[in-house]
Amino acid sequence: MSVHQATAQLSPPRSISEAKSIIDERKLKVSGGVSATQIFYGASGTDERRDPYTYFLSGNLTFSMFSVSVPLTFSYTNQEFSFSHQLPSVSFNQYGIQPTYKWMKFYIGYNTLTLSPYTMSGHLFLGGGIEAKPPGRVSATALYGRFRKATMPDNTGEGGAFERMGYGVKLGIHFKPRPNKYRRKVTFKSKYTRDGELRAQAKTPQKKPKEPTKSAPFSDNTDLLELIVFGAKDRPGSLPQLDDSTGLFPEENVVLSARVNKTLWKKFSVEAEVATSAITADARIEEKDGNRQTVFLVTDGIFTRRANTAYYNAYKGQVNYNQQSFTVGIGYERVDPDYRTHGTYFFNNDFENITLNFSTQMWQGKFSINGSVGSQRNNLNEQNMSTLRRASASVNVNAILHPKLNLSLAYSNFQSITRVRNQFDIVNQLTPFDNLRDSLDFTQISQNANISINYQTINLPAHRQFWNANANVQVASGEGGNTTNNAGTVFYNASTSYNFNWNKIGFTTVLALNYSQNEVETTLARIVGPTITLAKTLLKKRLKVSLAASLNNSYLDSNLTGSIINLRLNGGYTLLKNHRFNLNILTLRRNATDTSRDTFAEFTATLGYNYSF
């Protein structure tokens, strides 16, 4: 055989470590963790607030081999949660799988996906989905599943829902190609040179290495155009025929959206999204919408436009000028009254914002400020009795005034949706799972101010002491949104604590004082009380124990209405690094001075086990 006809062959591993990595890639690897929690509960003097015995099982497992990764998550409990009628189908007995292979990711079971803020964002669904991000300039996302299960209304007509099926497609066109990071680096070469010499003996001329080209790294969220279609439809046959007085009708929704993000001349960035939503409040209406001058003509094959179909629009744009030390920009957002989509749980609508945005850092990052100023108005269709027009602003300031002193300030009067929660909700909660019941209970806030101070008084290797304080004021609004009706309420929350840490002996003491106040019309409700916590690590830090005691006094106007005393004992033991056992015991006693309230006591014990690998 001529040397010029030598067959090219795959180069073998060049080192032991490279050979090991090839072998390891072909092994099945399993990682993740599982947990089991049992809760025992008893009460005297009042009705029980939860089941006497509850268990929670959850886990996350990841199977990987070659270029395939299969994450699996699941959770199961025998406890039933009661939500508002707006969320009748949330279940915590869930499972989900998210396998990946190279540039593809699959969603199976219970999952959440985000298409855009105006189409689908954070909504749980049971079904399947796929994200494809191949090398090149195109990406795609598709999903289909159940967004809500059928629920019969109660005796008052509340809490009912039709089964809702939904779908979504997002197509992304990138202005920069996505690099191929999955390409195998395989070298084919003959052991002879073109001159017939062995390569080991041939003198290879030294080539000057190429200088790397400087280019902006690829990003999935910038320099792209996205086209989105989302739709959902209630199944009328999922419930028996209901009387119209219940106000429960099968709905149908489709949303079209286009989003663009582009960097110009390295200093400017432009981002914009336009969305339009079509909502049919009663899909039983047979009369069709004959309008031919609408963008929803493209959805006629998947969405039926009816005489009672309503159409709403949302717009958002932002232009920024970016420098190394600061960023300044202008933004515009407008959302029509009653704009909503079946792809989100809550939505803020009927507003128009024009803002000037800015951010900067100074003094080597010791001082930073970012915020926006502008104008905000509502009643865009001029159908309400009054119109709110006001200057709007938000600002966040972080300052390191001294190596031992940090200060943080924040203020905003933009309309926002948040969950209002004070420190006593945490202090008096029976178990960590109690927050699941009201984790979707939101309040619309029109003003929010916050201050936080941290001061380190002693910082020694064996002994540390520090003090912190937080204060927050929130003003609730009743305009728009499908949220809790706390209109006109002002929430005040403040807390301060002093921490002693003796690192050498593993002992910690925390002294805290909490204060909460709610003002609504002429009523003033206050809660105030101290908390002391003692914590200790034992057995070479494998065992951690803590004891906390708190007293909370409740006042209505100036009258003491009751007090709560609770003692909480926590213990955690780590065995062989991967096994952890937890025990939490809480005794709570409520003493009522108001005859309209009961005096009662509660006992809760939580036993948990976690295994990670």
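In the block above lies the structure referred to throughout.
Reading the values: the criteria
- Residues numbered from 1 in each chain as written.
- Predicted model: local features only at pLDDT ≥ 70, side-chain atom pairs only at ≥ 80, totals over all residues.
- Heavy atoms only, no water.
- Core = buried A, V, L, I, M, F, W, Y, C linked by side-chain atoms within 4.5 Å.
- Buried < 20%, exposed > 50% of the residue type's maximum accessible area, 1.4 Å probe, protein only.
- Helix = DSSP H or I, 4+ residues; strand = E, 2+ residues; numbered from the N terminus.
- Contact = heavy atoms within 4.5 Å.
- 1 Å grid on protein atoms, 1.4 Å probe; cavity = no way out; pocket = protein on both sides within 12 Å on 5 of 7 lines; lining within 4 Å.
- Points joined across faces, edges and corners; volume = space filled by probe spheres on them.
- Nonpolar A, V, L, I, M, F, W, Y, C, P; charged D, E, K, R; others polar.
- Phe/Tyr/Trp six-rings, centres within 6.5 Å; stacked < 30°, edge-to-face > 60°.
- Lys NZ or Arg CZ within 6 Å of the ring centre and 35° of its normal.
- Salt bridge = Lys/Arg side-chain N within 4 Å of Asp/Glu carboxyl O.
- Polar contact = N/O pair within 3.5 Å; in protein donor to acceptor, adjacent residues only side chain to side chain.
- Patch = residues over 30% accessible without salt bridge, like charges linked within 9 Å, V, L, I, M, F, W, Y side chains within 5 Å.
- Areas by Shrake-Rupley, 256 points an atom, 1.4 Å probe, with all protein chains shown as cover.
- Lys, Arg positive; Asp, Glu negative; His and termini not counted.
- Charge placed at Lys NZ, Arg CZ, Asp CG, Glu CD.
- Pairing = 2+ DSSP bridges.

Draft legend 1. Inspection of the nonpolar core at higher detail. Membership of the largest hydrophobic core comes to 20 residues, with the highest contact counts inside it found for Tyr118, Met120, Leu143, Phe230, Val335 and Tyr339. Secondary structure elements with two or more residues in this core: strand S9 (136–148), strand S12 (224–235), strand S14 (268–280) and strand S15 (309–322). At three residues, S12 tops the list of elements feeding residues into this core. Within the second largest apolar cluster, five residues are counted, among which are Val254, Ala278, Phe296 and Phe303.

Draft legend 2. Region of the structure containing the environment of Tyr167. Along the chain, Tyr167 falls in strand S10 (residues 163–178). Note: C-alpha distance between Tyr167 and Phe125 (42 residues apart in sequence) is 9.8 Å. Among all residues touching Tyr167, those that are not within four sequence positions of it are Leu143, Tyr144, Phe147, Val229, Phe230, Gly231, Ala232, Val254 and Ile302.

Draft legend 3. Region of the structure containing empty space enclosed by the protein. Counting across every chain of the model gives one cavity of 30 Å³ or more. Estimated volume of the largest cavity: approximately 30 Å³. Ser554, Thr561, Gly562, Ser563, Arg590, Ala592 and Arg597 together form the lining of the largest cavity. Breaking the lining of the largest cavity down by element, the ones donating at least two residues are strand S28 (559–575) and strand S29 (579–592). When residues of the lining of the largest cavity are assigned to their parent elements, the largest contribution, three residues, is made by S28. Taken together, the residues of the lining of the largest cavity break down into one nonpolar, four polar and two charged.

Draft legend 4. Spotlight on the packing of aromatic side chains. Applying the stated criterion across every chain, the model contains 16 aromatic pairs. Pairing Phe268 with Tyr321 gives two aromatic rings, centres 5.0 Å apart and planes at 50°, and the pair type is tilted. With Phe268 in strand S14 and Tyr321 in strand S15, this pair connects stretches of sequence that are 53 residues apart. Look at Phe268 and you get partly exposed, because its relative accessible area is 33%. Tyr321 gets classed as partly exposed once you look at its relative accessible area, which sits at 26%. Counting every residue linked through ring pairs, the aromatic cluster contains Phe40, Tyr53, Tyr55 and Tyr76. Taking NZ or CZ as reference, Arg526 lies 4.9 Å from the ring centre of Tyr555, over its face.

Draft legend 5. How the structure looks around the pattern of salt bridges. One pass over the structure, following the stated rule, counts 17 salt bridges. Between Asp244 and Arg284 there is a salt bridge, with its nearest N and O atoms 3.4 Å apart. Taken as a pair, Asp244 in the loop between S12 and strand S13 (252–264) and Arg284 in the loop between S14 and S15 lie far apart in primary sequence, 40 residues in all. Owing to a relative accessible area of 47%, Asp244 belongs among the partly exposed residues under this scheme. A relative accessible area of 40% means that Arg284 is categorised as partly exposed. Between Glu352 and Arg334 there is a salt bridge, and its shortest N-O distance comes to 3.8 Å. Of this pair, Glu352 sits in strand S17 (residues 351–362) while Arg334 sits in strand S16 (residues 326–335), placing them 18 residues apart in sequence. Summarising the burial analysis for this pair, Glu352 and Arg334 share the class buried.

Draft legend 6. Spatial organisation of the side chain of Arg259. Tracing the backbone shows Arg259 in strand S13. Here Glu271 takes part through its side chain, which lies 3.3 Å from a polar atom of the side chain of Arg259. Apart from the residues lying within four places of it in its own chain, the contact partners of Arg259 are Asn221, Leu224, Leu225, Glu226, Glu271, Ala272 and Glu273.

Draft legend 7. Just a nonpolar patch on the surface, in detail. A surface patch of nonpolar side chains, amounting to about 810 Å² of accessible area, comprises Trp265, Phe268, Val319, Phe326, Val328, Ile330, Leu356, Phe358 and Val373. Elements supplying a minimum of two residues to the nonpolar patch: S16 and S17. Of all the elements, S16 adds the most residues to the nonpolar patch, at three residues.

Draft legend 8. Quick peek at a negative patch on the surface. Taken together, the side chains of Asp47, Glu48, Asp51 and Asp598 make up a negatively charged region of the molecular surface. Along the chain, Asp47 falls in the loop between strand S2 (29–44) and strand S3 (53–65). Under the relative-accessibility criterion, Asp47 is labelled exposed at 66%.

Draft legend 9. Representation of the pairing of S14 within the structure. Note that S13 and S14 share 13 bridges and pair antiparallel. Bridge assignment links Leu256 to a residue of S14, and that residue is Thr276. Count of turn residues in the S13/S14 antiparallel hairpin: three residues, of which Trp265 carries a positive phi of about 55°. Where S14 and S15 come together, 13 bridges link them in antiparallel fashion.

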